[in-house]
Amino acid sequence: DDGGYGDPGSTADVMLAIGANRIDGSDWTTPNGASILDYWSQDNAAAYAAQSPAAAAKLLLAVKAAGADPAAFAGLDLPAVVNGNYDAATGAYGFSNWDQALSMLAVAAGDDLVPSAAADLLAARANPDGSWGFMSPRDAGDTNSTALALQAIRAAGACRRAPVVEDAVAYLKQAQNDDGGFNYTTDDQSDANSTAFAIQGLIAADREPAGAYWGKDDITPVDFLLSLQIGDGADADSFAYQTGGASNALATQQAVPALLRTPFVDEDDLATCYETYLPLVRGSVQ
């Protein structure tokens, strides 16, 4: 009844989903007239943004997707919050690769250049196999962190054939399961969320996740994700987390942007790229 979805993270995911479908958040209302934007009281928004740099950045991306102004939202200037988490001496936004990648994506979403030191740091954190983990280089790589970092690197100006991009795509290819989908690591059953993240990463990398190259016995990541949609009953049209599972809210929320071919990085930020992923070292346009 308050316009939200039980907690800030889920509410932000729904904002990203409806934004991918070009629905304004002010039009996404409950029967009593509360919109999803109304959920975000100043206390709600401030508490969530203070959880981590990743949370602040995700909120900025969600607010923009839902058609609101991130610079004046629930009493917050979200671009200022995100920029306030940046350490110019190290290039870091917080501690994790999710802090780093989501903050870079939030900066790009605000039409600002991603700091070259930030892009350099994230690229340097990649594992030898082209992956990123949540806290790599200390963590082994996983598909979710890799797909997110790949989008951030592209937002910073990397071309589709930049080595850091090609290595990440190669990691995702070898991590793909025989059913066409992806899981978080490489030793578990494919799931909706990991597959959705991989699809978004591949789209940002200018690869075609519905194409033959990504088919396993002609089942692509898009085919696998669609196979998780529940066909009938009370939960019809929602998505299960894994094959044979029940309706899952987070799986449904995160499947929508992937199926609408909407990564976290805006298409305009992919239109021009450079020979190097460093946005302040301008090479010839590719």
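The structure reproduced in this document is the subject of the present report. On a predicted model such as this, the values are computed, not experimentally measured, just so you know.

### Concerning a negative patch on the surface
Inference 1: Together, Asp-111, Asp-112, Asp-266, Glu-267 and Asp-268 give the surface a local cluster of negative charge.
Inference 2: Along the chain, Asp-268 falls in helix 12 (residues 267-271).
Inference 3: The exposure class of Asp-268 is exposed, given its relative accessible area of 63%.

### With respect to the nonpolar core
Inference 1: Counting residues in hydrophobic clusters, the biggest one holds 71 residues, and the most contacted among them are Trp-40, Phe-73, Met-104, Leu-105 and Val-165.
Inference 2: Ignoring any residue separated from it by four or fewer positions in sequence, one finds Phe-73 in contact with Leu-37, Trp-40, Leu-59, Val-63, Ala-68 and Leu-78.
Inference 3: Core analysis: the second largest hydrophobic core is formed by 12 residues, Ala-196, Ile-199, Ile-203 and Ala-258 among them.

### Points about helix 5 (residues 97-109)
Inference 1: Between its first and last C-alpha atoms helix 5 spans 18 Å; for 13 residues at 1.5 Å apiece the expected length is 18 Å, and the two agree.
Inference 2: Backbone geometry just downstream of helix 5 places Asp-111 in the positive-phi region, at approximately 65 degrees.

### Re the pattern of salt bridges
Inference 1: In the structure shown here, the tally under the stated rule is six salt bridges.
Inference 2: Between Lys-58 and Asp-13 there is a salt bridge, and its shortest N-O distance comes to 3.1 Å. Of this pair, Lys-58 sits in helix 3 (residues 53-65) while Asp-13 is found in helix 1 (residues 8-20), placing the two residues 45 residues apart along the sequence. There is no split in this pair, since Lys-58 and Asp-13 are both buried.
Inference 3: Notably, a salt bridge pairs Arg-261 with Glu-208, separated by 2.9 Å at the nearest N-O pair. Taken together, the residues Arg-261 in the loop between helix 11 (249-259) and helix 12 and Glu-208 in the loop between helix 9 (192-204) and helix 10 (221-227) connect sequence positions 53 residues apart.
Inference 4: Under the relative-accessibility criterion, Arg-261 is labelled partly exposed at 42%.
Inference 5: Since its relative accessible area comes to 35%, Glu-208 is described here as partly exposed.
Inference 6: Among the charged side chains, a network of salt bridges with common partners joins Arg-161, Glu-166 and Arg-207.

### So, the packing of aromatic side chains
Any aromatic ring pair is given by two values, namely how distant the centres are and how the planes are angled relative to each other.
Inference 1: For the structure shown, the criterion picks out eight aromatic pairs.
Inference 2: For the pair Trp-98 and Phe-134, a centre-to-centre distance of 6.4 Å together with 40 degrees between the ring planes defines the contact as tilted. One end of the pair, Trp-98, is in helix 5; the other, Phe-134, is in the loop between helix 6 (116-124) and helix 7 (143-155), and 36 residues separate them in sequence.
Inference 3: One aromatic cluster is present, formed by Tyr-39, Trp-40, Tyr-48 and Phe-73 through successive ring pairs.
Inference 4: Note that Lys-173 overlies the ring of Tyr-213, its terminal NZ or CZ placed 4.5 Å from the centroid.

### Structural notes on the packing of helix 2 (residues 42-49) against helix 3
How two helices pack is summed up by the angle between their axes together with the distance between the axes.
Inference 1: One way to put it is that helix 2 packs onto helix 3 with a least axis distance of 7 Å and a crossing angle of 130 degrees. In terms of orientation, helix 2 lies oblique with respect to helix 3. Facing helix 2, whose interface residues are Ala-45, Tyr-48 and Ala-49, helix 3 presents Ala-55, Ala-56, Lys-58 and Leu-59.
Inference 2: The residue makeup of the contact of helix 2 with helix 3, split by class, is six nonpolar, no polar and one charged.

### Observations regarding unusual backbone geometry
Inference 1: Of note in the backbone geometry, Asp-218 takes a positive phi value of approximately 70 degrees without being a glycine.
Inference 2: In this fold, Asp-218 is placed in the loop between helix 9 and helix 10.
Inference 3: Residue class for Asp-218 comes out exposed when judged on its relative accessible area of 73%.
Inference 4: Residues other than glycine seldom take positive phi values, yet Arg-261 does so here, at roughly 55 degrees.

How each quantity is defined
- Residues numbered from 1 in each chain as written.
- Predicted model: local features only at pLDDT ≥ 70, side-chain atom pairs only at ≥ 80, totals over all residues.
- Heavy atoms only, no water.
- Patch = residues over 30% accessible without salt bridge, like charges linked within 9 Å, V, L, I, M, F, W, Y side chains within 5 Å.
- Areas by Shrake-Rupley, 256 points an atom, 1.4 Å probe, with all protein chains shown as cover.
- Salt bridge = Lys/Arg side-chain N within 4 Å of Asp/Glu carboxyl O.
- Lys, Arg positive; Asp, Glu negative; His and termini not counted.
- Charge placed at Lys NZ, Arg CZ, Asp CG, Glu CD.
- Helix = DSSP H or I, 4+ residues; strand = E, 2+ residues; numbered from the N terminus.
- Buried < 20%, exposed > 50% of the residue type's maximum accessible area, 1.4 Å probe, protein only.
- Core = buried A, V, L, I, M, F, W, Y, C linked by side-chain atoms within 4.5 Å.
- Contact = heavy atoms within 4.5 Å.
- Expected span 1.5 Å × (residues − 1).
- Phe/Tyr/Trp six-rings, centres within 6.5 Å; stacked < 30°, edge-to-face > 60°.
- Lys NZ or Arg CZ within 6 Å of the ring centre and 35° of its normal.
- Axes fitted to C-alpha atoms, helices over the stretch in contact; angles between N-to-C directions.
- Parallel < 35°, antiparallel > 145°, perpendicular 65-115°, else oblique.
- Nonpolar A, V, L, I, M, F, W, Y, C, P; charged D, E, K, R; others polar.

Honestly, it's all geometry; don't read function into it.
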